[in-house]
Amino acid sequence: MIDESMTKAQRSARSGQRRTRPGKVVLVGAGPGDPDLLTVRAARLIAGAEIVVYDALVGAAVIEMIPAGARRVYVGKKAGNHALPQEEINALLVELAREGLEVIRLKGGDPFIFGRGGEERAACLQAGIECEVVPGITAAAGAASTTGIPLTHRSHAQTLVFATGHLKDDTVDLDWPALARPHQTVVIYMGLGALEIICTQLIAHGLPASTPAAVVHAATTAAQREVRSTLGELTAHVRAARLQPPALIMIGEVIDADAAFAALPQAVALTA
Ligand SMILES: C[S@@+](CC[C@H](N)C(=O)[O-])C[C@H]1O[C@@H](n2cnc3c(N)ncnc32)[C@H](O)[C@@H]1O
């Protein structure tokens, strides 16, 4: 009989039996940091986990939800300091699943948004290992909610673009004409190190230097900080504020959407 009060880890440790069932890997989105932003499925999987393989960007409060008896494997990467190369992470997931374990692969935000979840899933499938994906709230959505910056807005942005400011060979080679289009919001992940290049290129490709822009650090956590400025002045303000990764760069009129709305006559009518 299964004792429901025990975690899977405690049950398997007690049974000590060799596993015969095939293992699997579950790529679980841990969201941007606030544990209340986990999906119900993610919270259930973490609470019942026997082994969790996790990244640097998984929030400390989410890590605390891992059962005491579960194995924790840290494979986190911080810029320039790769704890474990991606190929080795892929191989580790396959190896653990082959032991018959249900491996909870906990990843910051959403596993399929700049999370290399696609590579991990492909490695599992190639090895014949089942791989499930549990979505998470991506950092942009988390930052939008806590800063009140709407990512799209009928009056200001009909297109939303997510881009990465960090490329494989450490260069920033983005599609600048596409990013510099009017009436769109651009959110750049992993771009803090290239902030000056990004702002300069967007202005060079046609966005006014007065375009509202912001950087949000550690969105949804107690450490969240934000700097709002314009494309022309953002770099200087962010340097002065000494903002560090993890941070998102947000560009577009939506950043000032509240101010623009407050200036409209209907805002008075609605609040009267
Ligand atoms: C490797 S990407 C992972 C993105 C993640 N899969 C997601 O969906 O949010 C890491 C980058 O996400 C952004 N990021 C993640 N969590 C963040 C947070 N709480 N606040 C601001 N930016 C965050 C930063 O740009 C960071 O460098």
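Colleague: Explain the sheet that holds strand β3 (residues 71–74) to me, please; I cannot follow it from the model alone.
Modeller: By way of backbone hydrogen bonds, the strands of a sheet pair with one another, either parallel or antiparallel. A sheet is described by the order of its strands in space; here 5 strands give the open sequence β3-β2-β6-β1-β7, paired in parallel fashion. Each edge of the open sheet carries a strand with a single partner, namely β3 and β7 (130–134). Along the sheet, successive strands turn relative to each other by an average axial angle of 20°, direction set aside. Pairing geometry for strand β1 (residues 24–29) and β7, over 5 bridges, is parallel. Bridge pairing in β7 links V25 to C131. Contacting β1, β6 (102–107) and β7, helix α2 (residues 40–47) runs over the sheet at an angle of about 130° to β1. Where helix α4 (residues 86–98) meets the sheet, its contacts fall on β1, β2 (51–54) and β6, and the angle it forms with β6 comes to roughly 150°.

Colleague: I would appreciate a short explanation of the packing of α4 against helix α5 (residues 117–126) in the present structure.
Modeller: To describe two helices that pack against each other, one gives the angle between their axes and the distance between the axes. Where α4 meets α5, the closest approach of the two axes is 9 Å, and the angle between their N-to-C directions is 45°. By the angle class used here, α4 and α5 are oblique. Between α4 and α5 lies a crossing of right-handed hand. Residue-level contacts link Q86, I89, N90, L93, V94 and A97 of α4 to E119, E120, A123 and C124 of α5. A breakdown of the residues in the contact of α4 with α5 according to their chemical character gives 6 nonpolar, 2 polar and 2 charged.

Colleague: Is there a simple way to think about the site of the ligand in this case?
Modeller: The full set close to the ligand counts 23 residues, and G109, G115, T138, A139 and A219 are the nearest of them. Broken down by secondary-structure element, the contributors of at least two residues to the shell around the ligand are α6 (139–147) and β12 (247–251). Here the element with the most residues in the shell around the ligand is α6; it accounts for 3 residues.

Colleague: What should I look at first to understand the nonpolar core in this one?
Modeller: Inside soluble globular proteins, nonpolar side chains tend to come together where they are buried. Within the largest apolar cluster, 35 residues are counted, with the highest numbers of intra-cluster contacts made by L195, A213, V215, V216, L248, I249 and M250. Counting residues per element, the ones that place at least two in this core are α6, β9 (184–189), α8 (195–204), β10 (212–217), α9 (234–241) and β12. Not counting residues within four places of it along the chain, the set of residues in contact with M250 comprises I149, T185, V187, A213, A214, V216 and I255. Judged by nonpolar contacts, the second largest core, of 33 residues, contains L37, V52, V94 and L101.

Colleague: Please clarify how α5 should be interpreted in this entry.
Modeller: At 3.6 residues per turn, the α-helix brings residues three or four places apart onto the same side. Here α5 has its buried residues at G117, E120, R121, A123 and C124. For α5, the angular spread of the buried residues around the axis is 160°, confining them to a single face. Exposed side chains of α5 directed beyond 90 degrees from the buried face belong to G118, A122, L125 and Q126. Against β1, α4, β6 and β7 lie the buried residues of α5. Of the residues one or two after α5, G128 is the one with positive phi, at around 80°.

The rules behind these values
- Residues numbered from 1 in each chain as written.
- Predicted model: local features only at pLDDT ≥ 70, side-chain atom pairs only at ≥ 80, totals over all residues.
- Pairing = 2+ DSSP bridges.
- Helix = DSSP H or I, 4+ residues; strand = E, 2+ residues; numbered from the N terminus.
- Axes fitted to C-alpha atoms, helices over the stretch in contact; angles between N-to-C directions.
- Contact = placed C-beta atoms within 7 Å.
- Parallel < 35°, antiparallel > 145°, perpendicular 65-115°, else oblique.
- Left-handed = near helix turned anticlockwise from the far one by under 90°.
- Nonpolar A, V, L, I, M, F, W, Y, C, P; charged D, E, K, R; others polar.
- Near = placed C-beta within 6 Å.
- Core = buried A, V, L, I, M, F, W, Y, C linked by C-beta atoms within 7 Å.
- Buried ≥ 20, exposed ≤ 12 C-beta atoms within 10 Å, placed from the backbone.
- Arc of directions from axis to C-beta.

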